[in-house]
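Secondary and tertiary structure notes
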Amino acid sequence: KRLVQSNSRFSKEPGKIHDNIDGIAVESITVVPLDYRAGQILWPEEYAADSEPRCASDDGVMPRQGGEFSGPCASCPMSQCKYNEATGRDDLPPDCGNTFNFKVMDPNEGIPALISFKGKSASAGNKLVSFMVKNGYKFTVRISTKFISEKKGDFYILEYSRAQELAPAEQVYFARQALRF
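The sections below set out a description of the structure shown in this document. Predicted model, so just to flag it, every value in this text is computed and none were measured.

Conventions adopted
- Residues numbered from 1 in each chain as written.
- Predicted model: local features only at pLDDT ≥ 70, side-chain atom pairs only at ≥ 80, totals over all residues.
- Heavy atoms only, no water.
- Helix = DSSP H or I, 4+ residues; strand = E, 2+ residues; numbered from the N terminus.
- Rg over C-alpha atoms; globule rule 2.2 N^0.38 Å.
- Contact = heavy atoms within 4.5 Å.
- Areas by Shrake-Rupley, 256 points an atom, 1.4 Å probe, with all protein chains shown as cover.
- Lys, Arg positive; Asp, Glu negative; His and termini not counted.
- Charge placed at Lys NZ, Arg CZ, Asp CG, Glu CD.
- Phe/Tyr/Trp six-rings, centres within 6.5 Å; stacked < 30°, edge-to-face > 60°.
- Buried < 20%, exposed > 50% of the residue type's maximum accessible area, 1.4 Å probe, protein only.
- Expected span 1.5 Å × (residues − 1).
- Arc of directions from axis to C-beta.

Concerning the overall build of the protein
- Across its full length, the protein carries two helices and 11 strands.
- From first element to last, N terminus to C terminus, the protein shows the α and β order β-β-β-β-β-β-β-β-β-α-β-β-α.
- Radius of gyration (C-alpha) of the protein: 17 Å, near the 16 Å computed for a compact globule of 181 residues.
- If one aligns the C-alpha atoms of the protein with their principal axes, the spans along those axes are about 55 × 35 × 35 Å.
- For the protein, the share of sequence-separated contacts (at least 6 apart) that also reach a separation of at least 24 residues comes to 48%.
- Accessible surface, the protein as shown: approximately 11200 Å² in total, 49% of it carbon and sulfur.
- Each charge class in the protein can be summarised by its mean position, and for the 23 positive and 23 negative side chains these summaries are 5 Å apart.

Let's talk about the packing of aromatic side chains
- Scanning the entire structure with this criterion turns up six aromatic pairs.
- Residues phenylalanine 131 and phenylalanine 139 carry aromatic rings whose centres are separated by 6.0 Å and whose planes lie at 45° to one another, so their mutual orientation is tilted.
- On the basis of relative accessibility, which here comes to 6%, the residue phenylalanine 139 falls in the buried class.

Some details on helix α1 (residues 122–135)
- Taking 1.5 Å as the rise per residue, α1 with 14 residues should run 20 Å; its terminal C-alpha atoms sit 20 Å apart, in good agreement.
- Restricting attention to buried positions, one finds in α1 the residues Ala122, Ala124, Gly125, Leu128, Val129, Phe131, Met132 and Asn135. Down the axis of α1, the sector holding all buried residues measures 165°, keeping them to one side. Residues of α1 that are exposed and point over 90 degrees away from its buried face: Lys127, Val133 and Lys134.

As structure tokens, this is what we get:
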């Protein structure tokens, strides 16, 4: 099961999180984060609603098959910082952006799912990684969308907040579930 962020005005229901199996769209979800993988994704420069990534890596080490690039991410020119004429340094962000893919579980239904924090949501994904490292399986988190309006346009980003503390027996249960997936 994959939970997909519908993030632009071109989406059917922008600002909602979609379940690709049930077809349900909700404004927020409460889950227990079980695990994560940091990856990379490169989108075409020109946006189109049906755009596929030019290249993507689920682990930030090697790209998926079928992408535009085939070598290790570390040596790919698209993952390197770009030269900034104003500063004379390579300090502009790379074309290939970070993505954080999370394995999560609904605490009530016990159904695992995947959700990705990418683009403008990547910084919240990075913070969720730190939260997971610090707290383990101690809390549920609420993942929701937030509307952003800036020069590049209007869009939604994912954000998270700590929800509820889990009982010790629940923490053990979710730690075991994390090992299964």
